[in-house]
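Report on the structure
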Amino acid sequence: MLDRPIVVAGAGSIGCFVGGALASAGRRVSLLARPRVIEEIGRYGLTLTSVDGSFPHIAPDRLKLSEDPAILGDAGMVLVTVKSVDTAEVAGLIARYAPSDVVIISLQNGVANPAVLREQLPGRKVLGAMVPFNVIAASEGRFHRATSGDIVIERDPAAIAAQLSVKGLPIRATDDIAGVQWGKLLVNLNNAMDALSGLTLREELAQRSWRMLFADQMAEGLRVLKAEGIHPVSSTPLPLHWIPHLLRLPDALFALVLATAMKIDPHARSSMYDDLQRGRRTEIDFLQGAIIEIAARRGLQVPVSRRIVTLIKDAEAGGRGSPNLRPEQVRSEIRQP
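Scope of this entry: the structure provided in the associated data block. Numbering of residues begins from 1 in every chain and follows the order in which that chain's sequence is written. Residues qualify for local features only when their pLDDT is at least 70, as the model is predicted, and side-chain atom pairs are given and counted only at 80 or more; totals for whole chains, interfaces and linings, by contrast, use all residues. Hydrogens and water are ignored here; the side-chain numbers use all heavy atoms of the structure.

**Quick notes on helix α14 (residues 303-318)**
Filter applied, for reference: Put simply, DSSP marks the helices as runs of H or I at least four residues long and the strands as runs of E at least two long, and each gets a number from the N terminus on. A helix is expected to span 1.5 Å multiplied by its residue count minus one. Type-normalised accessible area, obtained with a 1.4 Å probe on protein chains alone, sets the label of each residue: buried when under 20%, exposed when over 50%, and partly exposed for intermediate values. When checking whether two residues touch, look at their non-hydrogen atoms; a contact exists if any pair is within 4.5 Å.
End to end, α14 covers 23 Å across 16 residues, agreeing with the expected 22 Å (1.5 Å per residue, within 8%). Within α14, the full set of buried residues consists of Pro-303, Val-304, Ser-305, Arg-307, Ile-308, Val-309, Leu-311, Ile-312 and Ala-315. In the core, the buried residues of α14 are packed alongside α7 (190-197), α9 (208-228), α12 (271-277), α13 (288-298) and α15 (327-331).

Below is the structure:
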């Protein structure tokens, strides 16, 4: 498949970083993106930096850029990086324009996207994946990977993970992509804390009161997944069932634990914060919403998760970016069963 272009469908921050890293390693990469992104990269190229190092500058002529989905026409692989709410739409474009033997890989948050792609694209090869890091778009074609971790793709006979893995962007295979995705979803419950607080991830995680809210949501999530018979896999060196307890540690002790588990850039923020700032719909329904859906089916109470969803949706409706809440404001209306 690598004799044909790798097309990044929905090249935002993650898509531009992943696509740029692949291009810097000599892969043929095409970006299906919004006009603003195309204009920026066409003018400046791509400059990629990371908490783990930097990449060679990628000149615009090293990439094929287009907002026309016909760019999918010669794809060997399609990396889907759109928001979860847009998955069905991009599946329709793949069905219309991409070759029948194309490999489709979902590099998206949440757990439902591979199933949506398979339903919309019967007979096509669709692989689930998990991206553990976030990326800051810093203007003028600069994209910074602000947290650490390796991409994970479900194992397949063609060893797609090994084919895609390049220097600076290691990609691993897993036999349990569903468990990995659920594990990442539990960690991503903190995206909403960052979005509601208006703080950077490092600032937010440095405050025990915010971590306690994150811990309570993780505890709800772990209880719900256990009832559903789902076994989440940790995307960090820390076992998932430890994390709520570690989050409740005093600040100084937690800082020591965090330093051993992952790297976080001082300027890193969650994609949900970025969505609120730009007036876009967030992925809250695919994160906390997924936990709430199972809880309702199992007759379980998840009051913290429900409160967070309400606050994020209020912020979306307000259209004024992050509400810059304090932890006590978030807790004020949580009704414990």
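**A look at the sheet that holds strand β4 (residues 53-54)**
For clarity, the cut-off: By definition, two strands form a pair when at least two bridges between them are found by DSSP. The axes used here are C-alpha line fits, helices contributing only the stretch in contact, and every angle between their N-to-C directions lies in the interval 0 to 180 degrees.
Ordered by their spatial adjacency, 4 strands build an open sheet running β4-β3-β10-β9, and the pairing between neighbours is mixed. In this open sheet, the two strands that pair with only one neighbour each are β4 and β9 (135-137). Packed on one face of the sheet, helix α1 (residues 13-24) meets β3 (47-50), β9 and β10 (142-145) and runs near 100° to β3.

**A closer look at the environment of Gly-168**
Note on placement: Gly-168 falls in the loop between α5 (160-164) and β12 (171-174). Gly-168 sits 41 residues away from Ser-209 along the chain, and the two C-alpha atoms are 35 Å apart. Residues contacting Gly-168, with those up to four places away along its chain left out, are Phe-55 and Arg-145.

**Focus on the pairing of strand β1 (residues 6-9)**
Note the threshold: Seen with its strands pointing away from the viewer, a crossover is right-handed when the path leading from the first strand over the helix to the second is clockwise.
With burial as the criterion, each face of β1 is covered, one bearing Ile-6 and Val-8 and the other bearing Val-7 and Ala-9. As a crossover connection, the stretch from β1 through α1 into strand β2 (residues 29-32) is right-handed.

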